[in-house]
Each structure stands twice: as structure tokens, then as C-alpha cells.
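# Understanding the architecture of this molecule
Each chain, letter by letter, is given below.
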Amino acid sequence: MMIIPKLLNPPAKLTSSEKNSPNLSPLIKQQQADGYEEELNTLNLVVSFSLDDMKATIDFLRSMGFTTIEFRRIAGMCPEILTYKVSDVIPVFTFLLREAKVMGSDIRRVINRRPRLLVCNVEKRLRPTLYFLQSIGIAEVHKHTSLLSCSVEDKFIPRIDYLENIGFTNADALAMLRCFVIVLRTILSLNSITFTRRWEGI
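Everything in this summary refers to the structure shown in the same document. Quick caveat: nothing in here was measured; it's all calculated off a predicted structure. (Residues numbered from 1 in each chain as written. Predicted model: local features only at pLDDT ≥ 70, side-chain atom pairs only at ≥ 80, totals over all residues. Heavy atoms only, no water.)

### Re helix 8 (residues 122–135)
To be explicit about the condition: Accessible area is worked out with a 1.4 Å probe on protein chains only. A residue is then buried under 20% of its type maximum, exposed over 50%, and partly exposed in between. Secondary structure follows DSSP: runs of H or I at least 4 residues long count as helices, runs of E at least 2 residues long count as strands, and numbering of each begins at the N terminus. Any pair of N or O atoms that falls within 3.5 Å is considered a polar contact. Within protein, one atom must be able to donate a hydrogen and the other to accept it, and sequence-neighbouring residues count only if both atoms are side-chain atoms.
When we look at burial in helix 8, the residues that qualify are Val122, Leu126, Arg127, Thr129, Leu130, Phe132 and Leu133. Structurally, the start of helix 8 carries an N-cap: the backbone nitrogen of Glu123 is 2.9 Å from a side-chain oxygen of Asn121. Looking at the residues trailing helix 8, positive phi occurs at Gly137, about 100°.

### Regarding the pattern of salt bridges
The criterion, for reference: In the sections that follow, a salt bridge refers to a side-chain nitrogen of Lys or Arg positioned within 4 Å of a carboxyl oxygen of Asp or Glu.
In the structure shown here, the tally under the stated rule is seven salt bridges. Measuring nitrogen to oxygen at the nearest pair gives 2.8 Å for the salt bridge that ties Glu140 to Lys143. On the basis of relative accessible area, Glu140 is assigned to the partly exposed category, the value being 41%. For Lys143, a relative accessible area of 43% gives the class partly exposed. Each of the salt bridges in this network shares a partner with another, and the network as a whole consists of Glu99, Glu123 and Arg127.

### Some words on the packing of helix 4 (residues 51–63) against helix 6 (residues 86–98)
What counts, and what does not: In this analysis an axis means a line fitted to C-alpha atoms, helices contributing only their contacting stretch, and an angle means the value between N-to-C directions, from 0 to 180 degrees. If an angle is under 35 degrees, it is roughly parallel; if it is over 145, roughly antiparallel; if it lies from 65 to 115, roughly perpendicular; otherwise it is oblique. Note on contacts: a residue pair qualifies if any of its non-hydrogen atoms lie within 4.5 Å across the two residues.
Packing of helix 4 against helix 6 brings their axes to within 9 Å, and their N-to-C directions diverge by 30°. Relative to helix 6, the element helix 4 lies roughly parallel. On helix 6, the residues touching Ala56, Thr57, Phe60 and Leu61 of helix 4 are Val86, Val89, Ile90 and Phe93.

### What about the packing of aromatic side chains?
So the rule is basically this: Each pair of aromatic rings taken from Phe, Tyr and Trp, with Trp reduced to its six-membered ring, is defined by centres within 6.5 Å and is described as stacked if the planes are under 30 degrees apart, edge-to-face if over 60, and tilted in the remaining cases.
If you walk through the whole model with that rule in mind, you get three aromatic pairs. Measuring from centroid to centroid gives 5.7 Å for Phe60 and Phe93, while their planes differ by 75°, and the two rings are edge-to-face. Placement of the pair is Phe60 in helix 4 and Phe93 in helix 6, with a sequence separation of 33 residues. Where Phe132 meets Phe156, the ring centres are 5.4 Å apart and the plane angle is 25°; that geometry is what we call stacked. Highlighted residues: Phe132 in helix 8 and Phe156 in helix 9 (residues 152–165), separated in sequence by 24 residues. Take Phe132 and Phe156: they sit in the same class, and that class is buried. In this structure an aromatic cluster arises from ring pairing among Phe60, Phe66 and Phe93.

This is the structure we're talking about:
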């Protein structure tokens, strides 16, 4: 099995004293300041990932009907997919088809609209968010699949708490959240369209 050699070691997080050190490389300082650490970590994973596993994942997505152009766009928006094995991706498709009730004919559109779904853990992210959306009255979640990648704890609960803290009842807060869900879905869709146009040079 051929492995791409590890070419890049991402910079470690710096302490306050290290950040102010006159001996610290200006480039490293700039990388830390610009928040590139996550991107560098992702790149480090990609270049050390098995070529066989990467090819298998690409072949699997092609077997699902994704074109080369679509895969390039997906990888551009979500490079982590290059570090995922087929066994990591299959549960996502199974979840979308069986639990989120996405039609097989719509699966490409759903993924192209929100590529991050492919790298979300079913148990920790997709299923809890599905149940939450259903619990607040979003019955047809298959129409809001772009929201399944959102964290309940980070994205939705804080908004309910905020609305209740300023005087809304729980019922009114949930009603407001349902409106927010529709707005958020629109924002995510617009972001995806913007990225696609930039990617295609439109």
C-alpha cells in the first residue's frame, strides 16, 4: 500500500509568552494569527493518507453518480473528505436515505448542496440534529438536509435560551426557531451557490 509521505507538520498552539517572543518566525506568527492551524492539520492528514483508500472513496462517490467536477467541488469545500475511507462515508448515505428520507434521485443534489454532510458523524451529529429538528416541528427534514450538519448545542440551543431570556415563552421561542431554521437553510444554500460560482469562474 502506497502512502504519501508526511510533508508538513502544522504549528503547535502557542502560549502567550511564545507569541510575543522576538525569536518566533514571522511566518508562524502570521499563520497562527490568521487561524490557519485547522487548515494545516487537514492538509497534514491529506498528505499522509493512503492513496488506495483515497482512490476507493473517489471510486465509491463516482459509483453514486458524482462527476469528476462535482467531486473536485466537494473536495474544495470540504477537503476532509480526502481523508475518509469508504467505510466512513457509507453510513452517511445510509442515514440520509433511510432516516432522513432523502430520495435516491435527490442524493447528489443534497450532497452537492451541503458537502459537509459527508464528513459528519451519524451518531454524534446527524442523528441528534435530525431528532431535534423533528422535535421542534420540522416534519419534512428531507427538505432541510443542509441543516443536519449543524450542531444542536452550538447552533440551536443558544438561540432558544436567548429568546427565553428576553421574555419569550418556550412555545414562542420554538416558533421563532422554526423561522430561523428556514432562514439558516437559505443562507447555507446561498453560500453553496456563491462557492460554486467562484469555483466555476462565473
